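# Descriptive structure summary
Read off the chains here:
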Amino acid sequence: MNFNPSLSIYENLGGEETLRKLVEAFYPKVQAHPSLGPLFPEDITPVMDKQFMFLSQFFGGPPLYSDQYGHPMMRARHLPFPITEERAEAWLSCMASALHEIGVEDPLQAFILQRLSGPAHHFVNTSD
């Protein structure tokens, strides 16, 4: 995948199909991670669906999440979960691995991780 800075991340990824592949590659890594897995329900399908909708919107594609659930308010939605700096970094690491797995190359991979880094660290709500 070639990175074209004049296009959205969603368009650079190739749209819905590749974004679905990313979410499907990402969540097994999250579930297997010792500090992230326990935060998620056993049935991860609803979480994956919401993540797909959110990332579609966040990456410049259709506003699927807002259409279904209203304003994302992601920090507020994550407050019930203990998000530490370590977990934010682990989440980003799982995403990096998933991006690599589906064949996203630099500089697009680096751009996506940089774009996700701000929100990931913004959700930190505990030091424990």
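For the structure itself, consult the block above.
Keep in mind it's a predicted model, so treat the numbers as computed, not measured.

## A short note on the overall build of the protein chain
Helix and strand counts for the protein chain come out as 7 helices and 0 strands. In the protein chain, the succession of α and β elements from N to C terminus is α-α-α-α-α-α-α. The C-alpha radius of gyration computed for the protein chain amounts to 14 Å, which stays within 12% of the reference 14 Å derived for 128 residues, consistent with globular compactness. Considering only C-alpha atoms, the protein chain reaches an extent of 40 × 30 × 25 Å along its principal axes. With 128 residues in all, the protein chain has 40% of them scored as buried.

## Side note on the pattern of salt bridges
Under the counting rule described, the total for this entry stands at 3 salt bridges. A salt bridge links K21 to E17, with the nearest nitrogen and oxygen atoms 3.6 Å apart. Residue K21 and its partner E17 are located together in helix α2 (residues 16-32), separated by 4 residues, close to a single helical turn.

## Here's the deal with the nonpolar core
F59, M95, I112 and L116 are the most contacted members of the largest nonpolar core, which has 39 residues in total. Elements with a contribution of two residues or more to this core: α1 (9-13), α2, α3 (45-58), α6 (85-101) and α7 (108-122). Here this core takes 8 residues from α6, the largest share from any one element. If we skip the residues at most four places from it in the chain, M95 touches L22, F26, L55, L113 and L116.

The rules we used
Residues numbered from 1 in each chain as written. Predicted model: local features only at pLDDT ≥ 70, side-chain atom pairs only at ≥ 80, totals over all residues. Heavy atoms only, no water. Helix = DSSP H or I, 4+ residues; strand = E, 2+ residues; numbered from the N terminus. Rg over C-alpha atoms; globule rule 2.2 N^0.38 Å. Buried < 20%, exposed > 50% of the residue type's maximum accessible area, 1.4 Å probe, protein only. Salt bridge = Lys/Arg side-chain N within 4 Å of Asp/Glu carboxyl O. Core = buried A, V, L, I, M, F, W, Y, C linked by side-chain atoms within 4.5 Å. Contact = heavy atoms within 4.5 Å.

Spatial relationships are all this shows, so hold off on functional conclusions.
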